[in-house]
Amino acid sequence: MLSTPPFGILGILNSLLLLLAPMITFQRVIRKRSTEKISGIPYVISLFNCLFSMWYSLPFVSPNNMLVTIIGASGTSIQATYVLIFLIFAPSWKEKAKISGILFLLFLIFSTVALVSIFALHGYKRMLFCGLVSAIVGISMYGSPLTIMRLVIKTKSVEYMPLFLSIFAFTCSITWLVYGLLGADPFIYVPNVVGALLGLVQLILYAVYRDIKREVKKEAVDESVKMELENPNEEKIADTQIPMQFFSHHNGQILN
């Protein structure tokens, strides 16, 4: 148990890096005053994961989990900010209504869990009930990258799966996994087993498809050089047309 606080602090640092990673995305949203094609659902799920984790770690539910309470409260505030920004700059009322509906439903579930745990359950039963709900929500959140992983496999591109974000997700799960194991808390370490495994798979996919991407680029460069050697005059003519095409697109819709 003496090793638990250091791992908890390391978990807090990793979690904060993971939580703050979307800041760049939302700075662009504010600048462009539109969420464009960004989905708000992952941020709503993450918000409620933090909320349920914070509730489970409160002293009257699960004692000696103050570090989890700290990161749960921080995560709830950060994710709530992202969701609010999304609702303000969502491009259509339909999208705003969808996210608002999901928010209402999840708040209703959370309120039900909170009221039941306070008035109907006590002691170990309260901890068991809240822990199970928190673990289920956590596993649901960790399962969200499956869509991105499928996209990576389908497109053979890691463009939509940034390396540093995958590393942060993996290390965050590992540190909280160790924290949960040292504290003998299955409601903390079980969801993070799932998170660690999925994080590892993401890193493996990145390693595999990064190499494929390099090979494709190399083949494209080799083909370009070959064409230039075989048809130098045609290549020069094509080169003279590039600036006009670029400026044409620049004044159009590509670089809006």
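Residues numbered from 1 in each chain as written. Predicted model: local features only at pLDDT ≥ 70, side-chain atom pairs only at ≥ 80, totals over all residues. Heavy atoms only, no water.

**Q** Help me understand the overall build of the chain in this model?
**A** The helix and strand inventory of the chain stands at ten helices and zero strands. Reading the chain from its N terminus to its C terminus gives the helix and strand order α-α-α-α-α-α-α-α-α-α. In the chain, which comprises 256 residues, the share counted as buried stands at 36%. Carbon and sulfur atoms provide 70% of the accessible area of the chain, an area that totals close to 15,600 Å². (Helix = DSSP H or I, 4+ residues; strand = E, 2+ residues; numbered from the N terminus. Buried < 20%, exposed > 50% of the residue type's maximum accessible area, 1.4 Å probe, protein only. Areas by Shrake-Rupley, 256 points an atom, 1.4 Å probe, with all protein chains shown as cover.)

**Q** Just to check I follow, could you spell out the pattern of salt bridges for this structure?
**A** Where charged atoms from two side chains of opposite charge approach closely, those side chains can pair. Taken as a whole and assessed by the stated rule, the structure comprises three salt bridges. Where Lys32 meets Glu36, a salt bridge forms, and the shortest distance between an N and an O atom there is 3.5 Å. With a shortest N-O distance of 3.6 Å, Lys98 and Glu95 are connected by a salt bridge. Residue Lys98 and its partner Glu95 are located together in helix H5 (residues 93–119), separated by three residues, close to a single helical turn. Each of Arg28, Lys32 and Glu36 takes part in a single network of salt bridges with overlapping partners. (Salt bridge = Lys/Arg side-chain N within 4 Å of Asp/Glu carboxyl O.)

**Q** Sorry if this is basic, but what is going on with the UniProt feature "transmembrane region" (unreviewed entry) in the chain here?
**A** The feature "transmembrane region" (unreviewed entry), as given by UniProt, occupies residues 6–26, 38–58, 70–90, 102–120, 126–148, 160–182 and 188–209 in the numbering adopted here. Counted over residues 38–58, helix gives 81% and strand 0%. Its end C-alpha atoms are 33 Å apart. Each end of residues 102–120 is marked by a C-alpha atom, and these two atoms are 26 Å apart; helix forms 95% of the span and strand 0%. (UniProt positions renumbered as here; feature names shortened; annotations may be inferred.)

**Q** Before we go on, may I ask you to explain the side chain of Ser173 in this structure?
**A** With respect to the helices and strands, the residue Ser173 is situated in helix H8 (residues 163–182). You can call Ser173 buried: its relative accessible area is 0%. Excluding anything up to four places from it in sequence, Ser173 contacts Tyr142, Asn192, Gly195 and Ala196. (Contact = heavy atoms within 4.5 Å.)

**Q** Explanation requested: the packing of H5 against helix H6 (residues 123–142) in the structure shown.
**A** With their axes 9 Å apart at the nearest point, H5 and H6 run at an angle of 165 degrees to one another. In this view, H5 runs roughly antiparallel relative to H6, as classed from their interaxial angle. Our pair here, H5 against H6, has a crossing hand that is left-handed. Here H5 contributes Val113, Val116, Ser117 and Ile118 to the contact with H6, which in turn contributes Arg126, Phe129, Cys130 and Val133. Among the residues making up the contact of H5 with H6, the classes are represented as six nonpolar, one polar and one charged. (Axes fitted to C-alpha atoms, helices over the stretch in contact; angles between N-to-C directions. Parallel < 35°, antiparallel > 145°, perpendicular 65-115°, else oblique. Left-handed = near helix turned anticlockwise from the far one by under 90°. Nonpolar A, V, L, I, M, F, W, Y, C, P; charged D, E, K, R; others polar.)

**Q** Where do I start with the nonpolar core in this structure?
**A** Ranked by size, the top nonpolar core spans 40 residues in total, and within it Phe26, Val44, Phe48, Phe52, Trp55, Leu103 and Trp176 carry the most contacts. Every element with two or more residues in this core is listed here: helix H1 (4–20), helix H2 (23–32), helix H3 (41–57), helix H4 (66–89), H5, H6, H8 and helix H9 (186–230). If we ignore the near neighbours within four places in the chain, the residues touching Phe48 are Leu103, Leu106, Phe107, Phe110 and Val137. Judged by nonpolar contacts, the second largest core, of ten residues, contains Met149, Met161, Leu205 and Tyr206. (Core = buried A, V, L, I, M, F, W, Y, C linked by side-chain atoms within 4.5 Å.)

**Q** Even after reading the chapter, I still don't get the environment of Met23, so can you show me in this structure?
**A** Positionally, Met23 belongs in helix H2. The exposure class assigned to Met23 is partly exposed, which follows from its relative accessible area of 39%. Measuring from C-alpha to C-alpha, the distance between Met23 and Tyr82 comes to 8.3 Å, with 59 residues separating the pair along the chain.

**Q** Looking at this structure, I do not really get the packing of H2 against H4. What am I missing?
**A** Helix packing for two helices is described by the angle between their axes and how far apart those axes are. Where H2 meets H4, the closest approach of the two axes is 10 Å, and the angle between their N-to-C directions is 25 degrees. Classed by the angle they form, the pair H2 and H4 counts as roughly parallel. Crossing of H2 against H4: the hand is left-handed. Taken together, the residues of H4 that come into contact with H2 (itself represented by Met23, Phe26, Val29 and Ile30) are Tyr82, Ile85, Phe86 and Phe89.

**Q** For this particular structure, what's the right way to read the environment of Asn14?
**A** Structurally, Asn14 can be placed in helix H1. Measuring from C-alpha to C-alpha, the distance between Asn14 and Ile174 comes to 9.8 Å, with 160 residues separating the pair along the chain. With sequence-adjacent residues up to four places away left out, Asn14 is seen in contact with Thr171, Cys172 and Thr175.

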